[in-house]
Every structure is written in structure tokens, then in C-alpha cells.
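Analysis of the macromolecular model
As a plain string of letters, each chain reads:
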Amino acid sequence: MTLISILVALALEYVLGALDHLRNWSWFDQWLAWLEQRSGERHFWDGPGGVLVSIGLPLAGLAVLGHALADASVIFVFALGTFIFLYSLGADLNSQLDRYTAALHADDDNTIALVEEQLQVPNVVGQSGAERVLRSVFIRSHEQLFGVVFWFIVLGMAGGLLFAMSLRLRRRVGDATTAYAEAARRLHEILSWPSIRAEALGFALAGNLVDAVDGWHKVEDGSSAATEPVLCAAGLSSLSLGKAGAGEVDNTAIATQVEEVQALINRTLLVWLAILGIMIIGGWLT
């Protein structure tokens, strides 16, 4: 049922187009604001306890709803799981990248700037525009797709929603120095550690295995914080783009590199789904 839910959700987004307008997280923002207003002065709030309440109670509500629907029909549980998976996904990355490459080919600076803002391309000293874009695409592929898929496979619909909420909470706390903020960032790091390495392995299988593993090992330091560098190094190396953007390149060249990365991401998703199918057939998953 896990594989079917994922396939149905991805097919719906492919057929109907990007469903980003359905992913309204205002309820979560309001929930966090309400909790902060009523619990912010309490000792348990500023730390892991506050994060547990922030995320744990919505997950408990989902579990109760799932149990109630299971008593009625397994079809309802399947429909709920498919909806939660689809809802937990981030913005449709393929749609964003299609718009971006089309804008690059057309030298449409306004659209280029808009999509780069959506992809959260940073202004990093020492990195060219091409390198910053490619690294951002890899990071967004994890946040908007692979992280949700991984935890949906591992923990079901609660896992997909857990990852999505942890990402939103981490963005909400930003660089704050409170114990609550630190716990929120730590939770997302813990969830990202296995899913990023699973995605990096997928890049290796879908691209150049030897170069991807070599690039991975060069940045791996064994800590939970070494997540995004691992992902970017494996992705760039699997396409032999380890030195992408070493010098400034024109828009057409950047578009070509982005298209290569987009193709790698889509191949990696197919690899994941194939492995999931094999695991289900082998009886390791249901």
C-alpha cells in the first residue's frame, strides 16, 4: 500500500499539474503561535519538550483519525495516506526547474530571479552563480521530495508529515539561539541524516557510482551536521559536475547543467521506487 500511495500521489501531481496551492500550512503556523502564546513562559517549552508538543500533538491527532478510519474501511486509510503524502511534499520541483530553464534560455531575468528566490539560492562568497543554483536544487530535492518519501516509507503517513513539519519548524526558528530553536534544528538534522544519505546513494546508482561515492567520502565527517554537503558532493560528482561553475558561464550553459541535475533527480526517484517495489515483493515492506 505504501508504494501504491506514493505512485498515486505522484501521478496525480503529474496529471493535474503542480498542486502547491493545496499545501496550506497556515494551520500549523497558527498552532505554533497559539502554543507559544500559552506555553512560552513555562520551563518545559524552551527545549525538546516544546518541540515534542509542537509536532507530537498533530501526529497524535493523525494517528487517532487513521485508527478511526481503519475501523470503517481500509480504503479510507489508503485515501488518507495518499493525501497526507501529497500534502507533505514541497513545491513541485520539476515545475520550478522547467520554468527556470525556460527562463534561462529566454534570458528572462525577472523569472530567473523569481525561481531562484523559490529555490532559496544563497549568495555565498566563493561560489559562482551556477554552483549556487545546482547546490540549491539538490537541497530542495531532499526537502521537497526525497525526505518526505523516505520517512513515508519508514513510518507511514506519520513519517511523511513528521518530516514536513520538522522542516517548517526549522525554517520558523531560523538562526535563533534559544533551546527550543536548537531542539528544532537538531530534530531536522536527525531526520535528514539517513534520508540524505539514501538520496546520495540513489544519485550514485542513477549516475556515476565511483565518482559519486568518492565525492561523498571527501566531505563526510561522520557528524549529523554533515548532511547537505554530502548530498551536493554526491550529486555533482555523479554527473561529473564537481567543478561546476568554476568560472562564470552563460545562461544557456547553466540551463544545460540544471537539466542534467533534473534528469538525475528523476532517475533517482525511479531507482528508489524500483527498490521499494523489490522490498515489497520480497516481503520486507507492505
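Residues numbered from 1 in each chain as written. Predicted model: local features only at pLDDT ≥ 70, side-chain atom pairs only at ≥ 80, totals over all residues. Heavy atoms only, no water.

**Section: the overall build of the protein chain**
When helices and strands are counted, the protein chain shows twelve helices and zero strands. Listing each helix as α and each strand as β along the protein chain from the N terminus yields α-α-α-α-α-α-α-α-α-α-α-α. The C-alpha atoms of the protein chain give 20 Å as radius of gyration, which agrees with the globular expectation for 286 residues (19 Å, within 12%). If you line up the protein chain on its principal axes, its C-alpha atoms span 55 × 50 × 40 Å. Taking the contacts inside the protein chain whose residues are at least 6 apart along the sequence as the reference set, 71% of them involve residues at least 24 apart. When the accessible surface of the protein chain is summed, it comes to about 13,900 Å², and 62% of that surface belongs to carbon and sulfur atoms. (Helix = DSSP H or I, 4+ residues; strand = E, 2+ residues; numbered from the N terminus. Rg over C-alpha atoms; globule rule 2.2 N^0.38 Å. Contact = heavy atoms within 4.5 Å. Areas by Shrake-Rupley, 256 points an atom, 1.4 Å probe, with all protein chains shown as cover.)

**Some details on unusual backbone geometry**
Look at D107: it is not a glycine, yet its phi comes out positive at around 55°. As for its position among the elements, D107 is in the loop between helix 5 (93-106) and helix 6 (109-118). In the Ramachandran plot, Q120 falls in the positive-phi region, its phi being about 60° despite a non-glycine side chain. In this structure, Q120 sits in the loop between helix 6 and helix 7 (129-155).

**Quick word on the packing of aromatic side chains**
The tally for this structure, following the rule as stated, stands at twelve aromatic pairs. An aromatic cluster of at least three residues, connected via ring pairs, comprises W25, W27, F28, F83 and Y87. (Phe/Tyr/Trp six-rings, centres within 6.5 Å; stacked < 30°, edge-to-face > 60°.)

**Observations regarding the layout of surface pockets**
Approximately 490 Å³ is the volume attributed to the largest pocket. Taken together, 24 residues line the largest pocket, and the ones lying closest to its centre are L10, D92, N94, N266 and L269. Elements represented by at least two residues in the lining of the largest pocket include exactly helix 1 (2-16), helix 5, helix 7 and helix 12 (251-281). Tallying contributions element by element places helix 12 first for the lining of the largest pocket, with six residues. Its residues assigned to classes, the lining of the largest pocket shows 13 nonpolar, eight polar and three charged. (1 Å grid on protein atoms, 1.4 Å probe; cavity = no way out; pocket = protein on both sides within 12 Å on 5 of 7 lines; lining within 4 Å. Points joined across faces, edges and corners; volume = space filled by probe spheres on them. Nonpolar A, V, L, I, M, F, W, Y, C, P; charged D, E, K, R; others polar.)

**Brief notes about a nonpolar patch on the surface**
A grouping of I4, V8, L12, Y14, V15 and L16 is seen on the molecular surface, where their side chains present a nonpolar patch of about 650 Å² in accessible area. Among the secondary structure elements, L16 is positioned in helix 1. (Patch = residues over 30% accessible without salt bridge, like charges linked within 9 Å, V, L, I, M, F, W, Y side chains within 5 Å. Salt bridge = Lys/Arg side-chain N within 4 Å of Asp/Glu carboxyl O.)

**Details of the packing of helix 5 against helix 6**
Put simply, helix 5 and helix 6 touch, their axes get as near as 9 Å, and they point 150° apart. Classified by the angle their axes make, helix 5 and helix 6 are roughly antiparallel. As helix 5 runs across helix 6, the sense of the crossing is left-handed. Counted together, Q96, R99, Y100, A103 and L104 of helix 5 and T111, I112, L114, V115, E116 and Q118 of helix 6 form the full contact between these two elements. (Axes fitted to C-alpha atoms, helices over the stretch in contact; angles between N-to-C directions. Parallel < 35°, antiparallel > 145°, perpendicular 65-115°, else oblique. Left-handed = near helix turned anticlockwise from the far one by under 90°.)

**Quick notes on the pattern of salt bridges**
Applying the stated criterion to the full structure yields eleven salt bridges. Across the pair E36 and R172 runs a salt bridge whose closest N-O atoms are separated by 3.3 Å. Placement of E36 in helix 2 (residues 26-39) and of R172 in helix 8 (residues 157-173) is noted, with a sequence separation of 136 residues between them. Judged by its relative accessible area of 35%, R172 is partly exposed. One salt bridge connects K218 with D214, and the closest N-O pair in it is separated by 3.4 Å. Placement of the pair is K218 and D214 together in helix 10 (residues 209-219), with a separation of four residues, close to one helical turn. Classification of D214 by relative accessible area gives partly exposed; the value is 41%. (Buried < 20%, exposed > 50% of the residue type's maximum accessible area, 1.4 Å probe, protein only.)

**So, a negative patch on the surface**
On the surface, a cluster of negative charge is contributed by D107, D108, D109 and D250. By secondary structure assignment, the location of D108 is in the loop between helix 5 and helix 6. Given the relative accessible area of 30%, D108 is considered partly exposed. (Lys, Arg positive; Asp, Glu negative; His and termini not counted. Charge placed at Lys NZ, Arg CZ, Asp CG, Glu CD.)

**Comments concerning helix 6**
Along helix 6, the residues that are buried comprise T111, I112 and V115. For helix 6, the angular spread of the buried residues around the axis is 105°, confining them to a single face. The exposed set on the far side of helix 6, more than 90 degrees from its buried face, consists of D109, N110 and E117. In this fold, the buried residues of helix 6 make contact with helix 5 and helix 12. (Arc of directions from axis to C-beta.)

**Some thoughts on the confidence of the model for the protein chain**
Averaged over the protein chain, the pLDDT score is 88; the fraction of residues at 70 or greater is 92%. Here helix 10 stands out as the least confident element of the protein chain, with mean pLDDT 84; helix 8 is the most confident, with 96. (pLDDT = per-residue confidence, 0-100.)

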